[in-house]
Amino acid sequence: MQISSVNDVKIYNLSYGKSLPEWLSDRKKRQLQKKDVDIQRRIELIQDFEMPTVCTSIKVSRDGQFILAAGTYKPRIRCYDTYQLSLKFERCLDSDVVAFDILSDDYSKLVFLHSDRYVEFHSQHGYYYKTRIPKFGRDFSYHYPSCDLFFVGTSSEVFRLNLEQGRFLNSLQTDALENNVCDINPIHHLFATGTSEGRVECWDPRVRNRVGILDCALSSLPEGAEVRGLPAISALKFNGSLTMAAGTSTGQVLLYDLRSNQPLLVKDHFYSLPIKSLHFHDKLDLIVSADSKIIKIWNKDTGKVFSSIQPQTNINDVCIYPNTGMLFTANEDPKMNTFYIPALGPAPRWCSFLDNLTEELEESPESTVYDDYKFVTRKDLENLGLSHLVGSSLLRAYMHGYFMDIRLYHKVKTMANPFAYEEYRKDKIRQKIEESRTQRVQIKKLPKVNKELALKLMEEGDDEAELASRKKKGKALPSILGDDRFKVMFENPEYQVDEHSEEFRLLNPIVSKVGQKRKKKLRLLAQQVAADEEEEEPEGRASSEEESSDDDKSWVEEVREQRRLLRQEDRDRQRQRRKEVDRNTVLQPQFYQIKAGEEFRSFNDMARKQRLQKASLEDRLKLEEHTGTSNMADTAVGSKQLTFTLKKSEQQKKQQQAEREHHEERKKLRRSAGHLNSRGRDVCPYKVKN
């Protein structure tokens, strides 16, 4: 259950909270109810009070026992028994329901207008009969004396279906292209239809003649409003014999007396959305109007808002339970909302325990979620030494500050200022003593807080009082010092003006210049009053504009000078901060670990670099093949080094090893040819012995 208060009117949302899926077992549901706090706190007033996808309309039977709701998908009608607080039956339909009505006191006679032009009748056991109207319908009303159903829709005709004779009667021909809504007065049975051109046509069913037309389109437009199109009538409701309310597609509600063609009152929702529902609350003279965004409850005589309800999803229909403070809403959501407003009336008889529950909640109000948190600004965090918590889960960013746990705040506050309570106690004692001294003779003295400001205000007040005393009919304006609304500014030290702050130093030249002009103006007025008293005409007086022509922009130079000084002070503080950081910094040697297989190379080894530069390309390539590294000389961006190793497969390694062994074997088997002489190639070196 969710509790909200609008204009000091408590509103209880009985449908608030999580809903359990139907496919969960009873054991799982019990486990969730034990663990989940939101499920424990919810109130399931009527079991399964929801639709599969969307609920389009909802009504209560005249005996108050049954609640019927139409929704989708699939199109269906559900009936809930309030005596059993559960679903009584559910019937699926062939197409979506545009509107439906309960013809009997209970659920035994129902009429449905479908989106495919069919009109379907249901009895207590279920489907009874189906017929079709010539045009697509949008709304219908039932005339009890003649048993006629009046259908309006995308046509200028109003179709009449007599349920006693079981046949269509002659239609009523209107001047409109389309008719959106209709209603029948419960007292004298006047039939009214709202058109798409913003008119309301009234007909007498006895003679089937039009008796009047109300043009609501022009009356609903405020003065000076841009007209983009005529507002259509989207809702219509009678109250008593002479009162009628009409809702427009632009979000206005017009209250009429049938004897006048001008509205008594025009109420705007300020959302520019079509009004979907209108209801009268006779006991408190209230009107309940709803568009898809909000439900507004307001006084029908003055238009003053009594309260308002804004659900989380769009609204399709609103139904008030008769003679109670409970209302139901059909939403663009599976769950149908149930609201209870004790200020409108008591709870229904079948849920009378709500009165006791709400009384207990009012006697012991629950703390809101913000009572457990403290709002702090960044400056407060710096004073408490908690700036390092910014970005952590202990601080929740909100607007220009943060929310933090109130327990953590009190703990840190106590540690930061352990004598805060003693100071608070002394301040309270001082305030009590000063309050007791008010009965004594008061002497003008400056307050302890903002003395300079108080002195300035006192001087300005004396000048104004002196000027007013010289005038015959003048009266001095009340001073801020004597106004109770501003007395805290001169009593609480937290309101002390910091003259060294950046804001004050930048604004002070402008304020001082304004004060000088104000004093000069008062002086000139005093001189004028004195001249009027002496009845002398001043001649040849120099204009004040010429005198102050050079001073008009002098404050600009002062502001520039203050800005320059502030920048200089900022630079000095940064320089001082850097010096302190350098002074507090202790240089420590840094050690680096050389990995195995790596060779240490100094960045400043210039001799080695020169040697490598003088070496040939062949020598450098040999060195690289030997070390497995490729060295690059230092550049402007630093020394770069690339290390790589060629990886070979096992088959290649075995092949290279076999080739090396073969070469070693061939070296051992070869014969030396050093004894051969190259000069005697033509002589055979071998001698044949005989």
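- Going by what an unreviewed UniProt entry lists, the protein chain is known as Nucleolar protein 10 and is assigned to Sparus aurata.
- Its UniProt record gives the protein chain the following Subcellular location (unreviewed entry) comment, quoted word for word: "Nucleus, Nucleolus".
- Looking at the protein chain in UniProt, the text filed under Sequence similarities (unreviewed entry) is "Belongs to the WD repeat NOL10/ENP2 family."

**A look at the overall build of the protein chain**
Step number 1: Tallying secondary structure elements over the protein chain gives 14 helices and 34 strands in all.
Step number 2: Within the protein chain, the proportion of its 690 residues that are buried is 33%.
Step number 3: Contacts spanning at least 24 positions in sequence make up 44% of the contacts within the protein chain whose residues lie at least 6 apart.

**Digging into the packing of aromatic side chains**
Step number 1: On inspection of all chains with the given rule, the structure shows 12 aromatic pairs.
Step number 2: Pairing F150 with F191 gives two aromatic rings, centres 4.7 Å apart and planes at 25°, and the pair type is stacked. Here F150, found in strand β12 (residues 148–153), pairs with F191, found in strand β16 (residues 191–195); they are 41 residues apart in sequence, far enough to count as distant.
Step number 3: In this structure F150 comes out as buried when scored by relative accessible area, which is 2%.

**Let's talk about the pairing of strand β23 (residues 277–281)**
Step number 1: In terms of residue burial, β23 counts as a mostly covered element, since five of its five residues are buried.
Step number 2: Inspection of the sheet shows β23 paired to strand β24 (residues 286–290) by five bridges, in the antiparallel sense. In the sheet register, L278 faces β24, and the bridge partner there is S289.
Step number 3: Here β23 folds back onto β24 in antiparallel fashion, the turn holding four residues, of which D285 has a positive phi close to 55°.

**Examining the confidence of the model for the protein chain**
Step number 1: On average, the protein chain scores 79 in pLDDT, and the residues at 70 or more come to 72%.
Step number 2: Contacts for the low-pLDDT stretch residues 472–476, under 50 throughout, to residues beyond four places or in other chains number five contacts.
Step number 3: Note on residues 536–547: pLDDT is under 50 here. Beyond four places in sequence and across chains, it has three contacts.

**Some words on the environment of I294**
Step number 1: Tracing the chain through its elements places I294 in the loop between β24 and β25 (295–299).
Step number 2: Judged by relative accessible area, which is 6%, I294 ranks as buried.
Step number 3: A sequence separation of 17 residues divides I294 from P311, and the C-alpha atoms of the two residues are 7.0 Å apart.
Step number 4: Each residue touching I294, except ones within four places of it in the same chain, is listed here: H269, Y271, S289, S308, I309, Q310 and I315.

**So, the sheet that holds strand β32 (residues 401–405)**
Step number 1: On the basis of which strands lie adjacent, the open sheet formed by three strands has the order β30-β32-β31 and antiparallel pairing. In this open sheet, the two edge strands, each paired with only one partner strand, are β30 (373–377) and β31 (396–398). Pairs of neighbouring strands in the sheet enclose a mean axial angle of 35°, with direction left out of account.
Step number 2: As paired elements, β30 and β32 share five bridges and run antiparallel to each other.

**Focus: the nonpolar core**
Step number 1: Grouped together as the largest cluster of nonpolar side chains are 24 residues, with contacts concentrated most on I58, M326 and F328.
Step number 2: For this core, the secondary structure elements donating two or more residues are β3 (54–60), β4 (66–72), β28 (326–331) and α4 (353–363).
Step number 3: Excluding its chain neighbours within four sequence positions, the residues that come into contact with I58 are F49, I67, L68, A69, F100, D317, C319, F328, A330 and M336.
Step number 4: Counting residues in hydrophobic clusters, the runner-up holds 15 residues, among them L286, I297, I315 and I320.

**Some thoughts on the pattern of salt bridges**
Step number 1: A full pass over the atoms with the stated rule returns 12 salt bridges.
Step number 2: Here R210 makes a salt bridge to D175, at a shortest N to O gap of 2.9 Å. Linking R210 in strand β18 (residues 209–215) with D175 in the loop between β14 (167–173) and β15 (179–184), this pair joins segments that are 35 residues apart in sequence.
Step number 3: Residue classification places R210 among the partly exposed residues on the basis of a relative accessible area of 33%.
Step number 4: A residue is classified by how much of its surface remains accessible, and D175, at 52% relative accessible area, is exposed.

Thresholds, definitions, all that
Residues numbered from 1 in each chain as written. Predicted model: local features only at pLDDT ≥ 70, side-chain atom pairs only at ≥ 80, totals over all residues. Heavy atoms only, no water. UniProt positions renumbered as here; feature names shortened; annotations may be inferred. Helix = DSSP H or I, 4+ residues; strand = E, 2+ residues; numbered from the N terminus. Buried < 20%, exposed > 50% of the residue type's maximum accessible area, 1.4 Å probe, protein only. Contact = heavy atoms within 4.5 Å. Phe/Tyr/Trp six-rings, centres within 6.5 Å; stacked < 30°, edge-to-face > 60°. Pairing = 2+ DSSP bridges. pLDDT = per-residue confidence, 0-100. Axes fitted to C-alpha atoms, helices over the stretch in contact; angles between N-to-C directions. Core = buried A, V, L, I, M, F, W, Y, C linked by side-chain atoms within 4.5 Å. Salt bridge = Lys/Arg side-chain N within 4 Å of Asp/Glu carboxyl O.

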